[in-house]
Structure formats: C-alpha cells, structure tokens
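# Survey of secondary and tertiary structure
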Amino acid sequence: MGTDIVLNEHPDPEAIRVDGQKLGEVMIEAARRYRTPLALPQMNLTLEKEALLALMGLDGGTGEFHFSAPPSAEVLARFEAGLKGRLTPGCEANIEAIAHVARSSDLVPLGMCIGPFSLMTKLLADPIMPVTLAGMGNSAADNEEVALMEAALDVSTRLVLEIIERQIKAGAKMIVIAEPAANKVFFSPKLIRRGSDIFERFALAPNRKIAQLLKDNGVELFFHCCGELIDEMVTAFASLDPAILSLGSSRVLWQDAALVPKTTILYGNLPSKKFYSPTLFTRSQVSDSSRELIARMREIGHPFILGTECDVLHVPGCECTIKGKLDAIMEAVAV
C-alpha cells in the first residue's frame, strides 16, 4: 500500500483528502506506480470516529472525546436521523474517490473502513477493562463498564456497515477492514484459551455481519490486523473467509499459512512502522526480507502478495528514506 506516500508528495495533501475526484486520481497514480490492479484508498482510521461524533452532534475536538456513559436516547435518535444523510467531508471524499476510480480507470476500486471493535476502542477512555470484565463473566446488566462498551460497539458496528454500504454503491469491489485493536493487548490469551467467547462476541461477531454484507453484494473482504496475535486469533480471522488476510510483521507468514485456507491470499508483512528510519530497518534488510518472504511462500505454495503490514507511514522529512524502501520491495518483486 503506497497511497499515502503518493498523496503526501502532492503540494496540498490535506485539501486532496476532502476532494473525492483528486483523491481518486491519487489512488490511480499509486496503483500505476506500484504496478498493482488494486486501487487502494488512503489509510486514515480517524474518519469513522469523526463521522460518528458528528452524526451524534457531539464535539470531537482534537479527537480525544470519550463516552463516560452510554449515549442518551436523544443522542441515539440524532444518530439514527443522520445515519442516511451526508457524512463528514473526509468520509464523503473517500466514497467519491472510489466512484472516480470505477468511472475513470480499469483498476479494481477498493474501499476501506476501520473495524467495529477498533472504532469502539477509540470511543472509550479505557476499553481494555470492560473486555476483561466481560471475559470474567460480567454482563452489561450487572456492570456499567461492560454496558458502556457494548453500547459503543453497537453504534460503531452500525456506522461501519453504513459506510461500507455506501462504498459498495460507489463501485468498490473489495473492502479493506482494518481491525488493529483485535489483538492480545485487548483480549487475554489466557481467557481465550480457557474457553472464553469474548473474542468471538466482540471482535468476530461484528465482522461476521460485515462479511455477510459483502457476500450478499458480491464484494470481497480484505481483512487487516497488524496487532500482536495468538494462533487462535489468526484462525478466527480466517473463518471470516477473507479473499486477502493481512497480518503484522510479528507474525511468520510461512508458518501462519498452516492456519489459513489456500483460498485466502496472505498479504505482507514487512514492518512499515520502521520504514521512516535509515537504521532501524535498512534498505538492504528490506530487500533481504522481501526475497526471503517470496522464497518461503513459493516453497509452501500458499497464495501471497508481498507488501507492508499497513500503509506506509508518512513521517515529515523521511520521504526519501520511505520511498527508497518501497523501491527495494518493487525491485525484489521484479527479480
């Protein structure tokens, strides 16, 4: 994914982020540069929280807003009334960008949305505790924190489903669901291995609704989680039947292939979070790791796309370093 790096090469990237046609042109430009038929949108996982708070008539301020109690009936009614109307400029631009790619190119337009669980974590000051409490047997009826978490997850799921529906109508043929918080920081491996259903209830169940929506519309799922995972989590993600599964660089893809059916393409997973530094992960290391991943995946015969664990981060002043590492990936693919 190099859409963000291309976007930030333009003179006024912030203006482009809210201009659907220009954003669509950036998606096309990035796909052509990196020789892929997939036109990927920008990876901005702040848009959905901004949209949710705007629909509720709440001031998100700097993005630090957190619910201290479940949304009131009045706030929920405002959310319901606004859910079918216009969204924030950033969300609307993303949708129009998909439509522009579909109209103006032979590329496959992709949509993108944060996963419901990860969006929920952005709405609470402490999202870890209620998940843990639920895993220990506490219900919403007897614990306020669990009730708050479940209410936030419900509105998050509804908003994400609405955004995805709009992206499908705009022409998206595949949707990227970025669910980075569905990891062992939020879900205790001990609780999961003792038989707790918290991962299924809070991480998987909302995404099963998304997977069904996509299936009903003939659209493919590209599922992404760059968090720290246990094998059971990878197996659970594979049960969503994604066309593409993208995992973080802490996972060993040629080993994870045993957990994932061959009908699912594994994507990644070079550590893009280190790409800004010339010393943390050198260009030579990028080349070596790329070639090793290609060789290992070819050896086991599992479908695979070489890339990074998430869209390449934009770090001011480090553009040349990041671009050089992207070029190293392309050179490894060309060999």
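Below is a short write-up of the structure. (Residues numbered from 1 in each chain as written. Predicted model: local features only at pLDDT ≥ 70, side-chain atom pairs only at ≥ 80, totals over all residues. Heavy atoms only, no water.)

## Side note on the sheet that holds strand E4 (residues 220–225)
The parallel open sheet is built from seven strands, whose spatial order is E1-E2-E3-E4-E5-E6-E7. Among the strands making up the open sheet, the edge pair consists of strand E1 (38–39) and strand E7 (304–305). As paired elements, E1 and strand E2 (residues 108–114) share two bridges and run parallel to each other. Across the sheet, the residue bridging to Ala39 is Pro109, located in E2. (Pairing = 2+ DSSP bridges. Helix = DSSP H or I, 4+ residues; strand = E, 2+ residues; numbered from the N terminus.)

## Here we look at helix H7 (residues 116–123)
Counting buried residues in H7 gives seven out of eight residues, a clear majority hidden from the surface. Regarding H7, the residues found buried are Pro116, Phe117, Ser118, Leu119, Met120, Thr121 and Leu123. Of the surrounding secondary structure, the elements contacted by the buried residues of H7 are helix H4 (47–55), E2, helix H8 (128–135), helix H9 (144–170), strand E3 (174–178) and helix H11 (198–216). (Buried < 20%, exposed > 50% of the residue type's maximum accessible area, 1.4 Å probe, protein only. Contact = heavy atoms within 4.5 Å.)

## Some thoughts on the layout of surface pockets
With a probe scaled to a water molecule rolled over the atoms, the places where space remains empty come into view. Estimates place the volume of the largest pocket at around 650 Å³. Lining the largest pocket we find 31 residues, and of these Tyr34, Thr36, Ile305, Leu306 and Gly307 sit closest to its centre. Those elements giving two or more residues to the lining of the largest pocket turn out to be helix H3 (20–33), E1, helix H14 (283–300), E7 and helix H15 (319–334). Counting residues per element, the lining of the largest pocket draws most heavily on H15, which supplies five residues. Here the residues of the lining of the largest pocket are counted per class, giving 23 nonpolar, six polar and two charged. Arg208, Ala211, Gln212, Leu214, Lys215, Val219, Glu220, Leu221, Ser239, Leu240 and Asp241 are the residues that line the second largest pocket. Contributions of two or more residues to the lining of the second largest pocket are made by H11 and E4. Considering every element that reaches the lining of the second largest pocket, the biggest residue donor is H11, with five residues. Split into classes, the residues belonging to the lining of the second largest pocket amount to five nonpolar, two polar and four charged. (1 Å grid on protein atoms, 1.4 Å probe; cavity = no way out; pocket = protein on both sides within 12 Å on 5 of 7 lines; lining within 4 Å. Points joined across faces, edges and corners; volume = space filled by probe spheres on them. Nonpolar A, V, L, I, M, F, W, Y, C, P; charged D, E, K, R; others polar.)

## Observations regarding empty space enclosed by the protein
As enumerated under the stated definition, the model contains one cavity of 30 Å³ or more in all. Size it by volume and the largest cavity reaches roughly 40 Å³. Lining of the largest cavity is provided by Leu47, Glu48, Cys91, Asn94, Ile95, Met112, Ile163 and Gln167. For the lining of the largest cavity, the secondary structure elements donating two or more residues are H4, helix H6 (89–104) and H9. If one sorts the elements of the lining of the largest cavity by residue count, H6 sits on top with three residues. Taken together, the residues of the lining of the largest cavity break down into five nonpolar, two polar and one charged.

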